[in-house]
Structure formats: structure tokens, C-alpha cells
Amino acid sequence: MKKETIINEIKESILDIVYPLRCPICDEILVQKSFLPGAPRIKIHEKCMKKITTINEPMCIKCGHQLLDEGLEYCSDCKKISHIFNQGKSLFVYKNEMVKSMYSFKYSNKREYAKFYAEYTYKKYNQWLQRIQPDVIIPVPMHPKKIKKRGYNQSEIYARELSRLTGIPVDNKSLKRVVNTKPLKELTTQQRKNMLKKSFYSENLFNKYKKILLVDDIYTTGSTMDAISEELKIKGIERVYCLSICTGKGY
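On a predicted model such as this, the values are computed, not experimentally measured, just so you know.

Looking now at helix α9 (residues 223-234). With 12 residues, α9 should cover 16 Å at 1.5 Å per step; its first-to-last C-alpha distance of 17 Å lies within 8% of that length. Counting buried positions along α9 yields nine of 12 residues, so the element is predominantly enclosed. All of the buried residues in α9 are S223, T224, M225, D226, A227, I228, S229, E231 and L232. At the C-terminal side of α9, G236 shows a positive phi close to 105 degrees.

The tally for this structure, following the rule as stated, stands at nine salt bridges. Taking the shortest distance from any N to any O, the salt bridge between K110 and D27 comes out at 3.3 Å. Here D27 lies in the loop between α1 (3-18) and α2 (46-49) and K110 lies in the loop between α4 (97-107) and α5 (113-132), a separation of 83 residues in the sequence. The buried category is assigned to K110, whose relative accessible area is 19%. Residue E119 is joined to K43 by a salt bridge in which the shortest nitrogen-to-oxygen separation is 3.2 Å. A residue pair is termed long-range when its members are at least 10 positions apart, and E119 in helix α5 and K43 in the loop between α1 and α2 qualify at 76 residues. A relative accessible area of 8% places K43 in the buried class. Shared partners join several salt bridges into a network, and the residues in it are K43, E119 and K123.

This next bit is on the packing of aromatic side chains. As enumerated under the stated definition, the model contains nine aromatic pairs in all. On the numbers, 6.1 Å between centres and 45 degrees between planes, the contact of F116 with Y120 is tilted. Of the two residues, F116 and Y120 are both situated in helix α5; the distance of four residues between them amounts to about one turn of the helix. Accessibility assignment for this pair places F116 and Y120 in one class, buried. An aromatic cluster is built from F92, F105, F116, Y117 and Y120, whose rings are joined through pairwise contacts.

Once that is clear, we can look at the sheet that holds strand β2 (residues 136-139). If you walk across this open sheet you meet the four strands as β1-β6-β5-β2, and the pairing is parallel. Two strands lie at the open edges of the sheet, namely β1 (87-93) and β2, each paired on one side alone. Ignoring strand direction, the axes of neighbouring strands in this sheet form an average angle of 20 degrees. Sheet topology note: the strand β5 (residues 211-219)/strand β6 (residues 239-247) ladder contains eight bridges and is parallel. Note on β6: the bridge partner recorded for K211 is R239. Contacts between α9 and the sheet are confined to β5 and β6, with β5 contributing the most and set at about 165 degrees to the helix.

Cut-off values and rules
- Residues numbered from 1 in each chain as written.
- Predicted model: local features only at pLDDT ≥ 70, side-chain atom pairs only at ≥ 80, totals over all residues.
- Heavy atoms only, no water.
- Helix = DSSP H or I, 4+ residues; strand = E, 2+ residues; numbered from the N terminus.
- Expected span 1.5 Å × (residues − 1).
- Buried < 20%, exposed > 50% of the residue type's maximum accessible area, 1.4 Å probe, protein only.
- Salt bridge = Lys/Arg side-chain N within 4 Å of Asp/Glu carboxyl O.
- Phe/Tyr/Trp six-rings, centres within 6.5 Å; stacked < 30°, edge-to-face > 60°.
- Pairing = 2+ DSSP bridges.
- Axes fitted to C-alpha atoms, helices over the stretch in contact; angles between N-to-C directions.
- Contact = heavy atoms within 4.5 Å.

Here it is as C-alpha cells:
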């Protein structure tokens, strides 16, 4: 184990003692079996892991939605929509316990949950990440007014935890959200597209990156990812991949 890795492990152990991690599902304190450097850190209760639905094969080869039929390649959305991003992946189905977990992560300052989300991402998709080889991770940005109100961008917290595990750098400066859009949950796909037009602006990207990994908390219709991908590709990015913690139920 490298000296730098050992130092980081010791720092994490101290933090685990002073600020013990909580389970991202039940929010109870996680009792660690060992605080020695290199010892595995418990990020979720085993019983709670069984309560959440993970995305597994078969999944849509375009957006990563869970599919219910092994004979299909695309979900019903991707059969109808020509997405601008190249490919997407997600971890969990957005329902029940994960709805509560995401809400706490976004609105109740449960930033520590990102450690579990990132660790699970690394275990599940590290081979995929090595295959696509993104130059950088870019979190979906929030408008400055929303960041000021909430205090943090949950997608950036997740991005930084994933960067720590993969070594892929994070860029939270090159992409900006310049329009403070209203909540998209109640809008149709076309209404989302119209609202998101010209909501994002990127700068200093020419000849800087070729492949970008966009990360967000929840993927629904893909309108946000498409709006960003369009802006990035206009600025010279060749390929845009998407990664979300949760996605809607597959079709």
C-alpha cells in the first residue's frame, strides 16, 4: 500500500470515529468492524441493501434503464427518442427506500451517503469506465441561486467521491447552469426540452477533453443530459457518457 494511500486511510478512520457514517437507507449509525488502514468500511447495512432495487441486465443499451424483457435492447423511451448523449448507466431504481435516500442526500445535508453511492458505482461499473476512458467527470451543475439556498450540489459531492475511487479528475468549472429552471418533475418530455434550451453554457473546452462523463443524482427522461450533451458537442466534445445514481422504472 502506497504511503499516500495509507495516510488517506488513516484520515478516513479518524473521521469514521469522530463522525461515524450512517446507513443511506435507514440513517442509523454504521458500526465499523475495524478502523485499521486497509480494512473494509461498511457503507450500508446488509439488511438495507436488500430493500433497494439495483439495475441489472437486461438494461437499455442506450440510457441504462432496467428492461423487463431479455429480448429487448432499448427501453420504450429510447425507441422514441434519439438521445444526444452516447450512453448512460444507473445504479438503482428510483422507488421506495431510494426515493427517501435521494431526498435526504439532496435536501437534508446527508452528503456522506455519496460514499456508498460511489463505492457501489465503482464495484458495478469500473470495467465500463475503464472501457470508455472518460477524460474527466463533470457533475450536472446547479444554478448559483439554488446552490446558495441548499449549500451544495449533490451531483458534485457524488462526482468527487467517484473521482477519489477511480482517479478520474472532476471539472466543476467548465459547465455552468445559466438559467434557473423550475422543477421538472411535473413536466412532459417536450416541456422539459423547451425549458432546458440554452440553460447550460460551457467554456474553455476546445481541445481540452474528448470524452466526458456526466454525473447526476436521478435520470428520468434524459432531457437534462441531452441538453448538456448538445452544448458540449457544439463545443467540440466527441463523446458524452452519463451516469446517475437512480433512474425511473424500466419498460
